[in-house]
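Inside the fold
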Amino acid sequence: MDIIYRLVDVISSPNKFLSDMLFKLHPRKAFWFISTTLVLSNVQAQCPDYTTYSQSPHGTPSTGPLHLPFMRPTAACRTFNSTAVEKVISDMKLLLKDPDLARLFENTFPNTLDTTVKYYNKSENLAFIITGDINAQWLRDTANQFAHYHSLLSMDKELATLVKAVINNEARYVSQYPWGFPTPSESGLPPTHNDWADGVTVNPPVNNQTVFECKYELDSLCGFLKLSRSYYEATKDSSFMNANWRAAVDQIFRVINEQSQATFDADFNFVSFYNWTGGNGALSPMVNNAGNGEPKAYTGLVGTHHRPSDDLSIFAFLTPANAMLSVELTNLANILDDSKQLKNVSQQQRNGELNQFKVVDNIFAYEINGFGGRYVMDDANVPSLLALPYLGFLDKNNPTYVATRNILLSRNNPYYAAGKKFNGVGGPHVDPWHPWPMSHISAIFGTENDQEILTSLYTIANNTNGLGLIHESQSIYNSSDYTRSWFAWANSYFAEMILDLAQRKPGLILKQNKSYVPGRG
């Protein structure tokens, strides 16, 4: 009978309803259920590719002036089902006063579960979550794709089990590849080929046939800690702190130690624990200083080779990534103390120093090098300077944040751009004239000003090209010129922001000025 359970667990694990039903059936009926499940699996195999599906409108339009389409896959084509998620959608559709915002929430809130659970095996405690139209998983994206489900984990055990499987799969690979993330071999899924990784030289070396990309980004390791912390806070279940997870935490602390060191030691020996470079015919660019980038001095901060956008850092010490690290290491110490686990790690963090943030003229720089070099800008990808309050690093009324925010949302930020219909912060990942809607979401998390919130909210809502999903970037010149119609992180971040407003500013978006929190009403 265990064989039957394991077989159906592999076949139907994304579908909570089917899995739950099986365990209620008589074993003889399980054989019938397997055949039924196989039929359903064949139906799912015939589902349209969501990359294509997301590029044209579907369903009955919303009744608001934007007439936004219904962009969820049919129930049989969804990759995971959660009754708790469906309940929140039903609640918010009734509560939101603008039917266009209600439709945006209906499309975005379940998008991660609807479309990105590429592999989930409950019995193996493994799950593989893709980022959207790129068939690969990033630690940072995954943490953010699940952030808005945090409050539901205590109500939906199957959803919590999925998140636990994500953490375990990530832990296994962080302990081996802190710079990259491969597809789990158990899934049977072929590795996705990345043309931009061809010809790239990475040290320590990795197998480019299994690791999609090997760019060291400090915030990705923070994303793993964030997902672990949020799972524990919601469930108080410490069983995810297994050998894989402990090895991953050890690896993270090793990276922190190595990447905080200066380029030269006291005797001018060159220090390099990681380097990455393209060139010589590779699509990715050549990186100076043999792939090590610009030199850095010791500051107490931790260096990163790439930004959250996957672009190369100019200076190694990325302020928002270090801000996130500071927050999540404190959170890590808290959950370890609460669960009575790894006391030595908790003490190591509490004794550490990671708050050497250099503020000049009351302004945070995006990057510094420790020699006095500063780059004052921002990039839309989170962690960003604009998102410092969202990260939990400081209060949105912090004077330095307010002063920095004013610069970031102006011409003084080289990656701020404004057109007649759209504006915002972008980054070099696309180009300067394609701001990202994500920057407006971060801006909403960073203010209590009602007019600023509504302006940003409707700048997003009015610029989906009539598709009712949040895109990666949007041209300031042409409303139909955007990138990535299927970008699950942006959809999740938007839905998370709507829920934040429903609790923090209900009168702005709900029919009644009464806070709504999932599970509490």
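Structural data are supplied above this passage.
Report on the accompanying structure.

Basis of the calculations
Residues numbered from 1 in each chain as written. Predicted model: local features only at pLDDT ≥ 70, side-chain atom pairs only at ≥ 80, totals over all residues. Heavy atoms only, no water. Axes fitted to C-alpha atoms, helices over the stretch in contact; angles between N-to-C directions. Helix = DSSP H or I, 4+ residues; strand = E, 2+ residues; numbered from the N terminus. Parallel < 35°, antiparallel > 145°, perpendicular 65-115°, else oblique. Left-handed = near helix turned anticlockwise from the far one by under 90°. Contact = heavy atoms within 4.5 Å. Expected span 1.5 Å × (residues − 1). Buried < 20%, exposed > 50% of the residue type's maximum accessible area, 1.4 Å probe, protein only. Arc of directions from axis to C-beta. Polar contact = N/O pair within 3.5 Å; in protein donor to acceptor, adjacent residues only side chain to side chain. Pairing = 2+ DSSP bridges. Core = buried A, V, L, I, M, F, W, Y, C linked by side-chain atoms within 4.5 Å.

Here's the deal with the packing of helix H10 (residues 218-235) against helix H11 (residues 243-259)
Packing of H10 against H11 leaves a shortest axis separation of 11 Å and a crossing angle of 140°. As far as their axial angle goes, H11 and H10 are oblique. H11 is crossed by H10, and the crossing has left-handed handedness. On H11, the residues touching Leu 221, Phe 224, Leu 225 and Ser 228 of H10 are Trp 245, Ala 248, Ile 252 and Val 255.

Here we look at helix H5 (residues 83-95)
In this model H5 runs 18 Å from its N-terminal to its C-terminal C-alpha over 13 residues, within 8% of the 18 Å that 1.5 Å per residue would give. Listed as buried for H5 are Ala 84, Val 85, Val 88, Ile 89, Asp 91 and Met 92. For H5, the angular spread of buried residues about the axis comes to 165°, placing them on one side. Across from the buried face of H5, at angles greater than 90 degrees, the exposed residues are Thr 83 and Leu 94. Elements in contact with the buried residues of H5: helix H6 (99-108), helix H7 (111-115), helix H9 (157-174) and helix H19 (488-504). Its side-chain oxygen at 3.3 Å from the backbone nitrogen of Ala 84, Ser 82 defines the N-terminal cap of H5.

Section: the sheet that holds strand E9 (residues 374-375)
Taken in spatial order, the three strands line up as E5-E8-E9 in an open sheet, and their pairing is antiparallel. A single partner strand is all that each edge strand has here, and the edge strands are strand E5 (317-318) and E9. Here two bridges tie strand E8 (residues 367-368) to E9, and the two strands are oriented antiparallel to one another. In the strand pairing of E9, Ile 368 is matched with Arg 374.

A word on the nonpolar core
Counting residues in hydrophobic clusters, the biggest one holds 129 residues, and the most contacted among them are Met 92, Phe 109, Trp 245, Met 497 and Ile 509. With residues up to four places along the chain from it excluded, the contact list for Met 497 reads Ile 441, Ile 444, Phe 445, Leu 457 and Ile 460.

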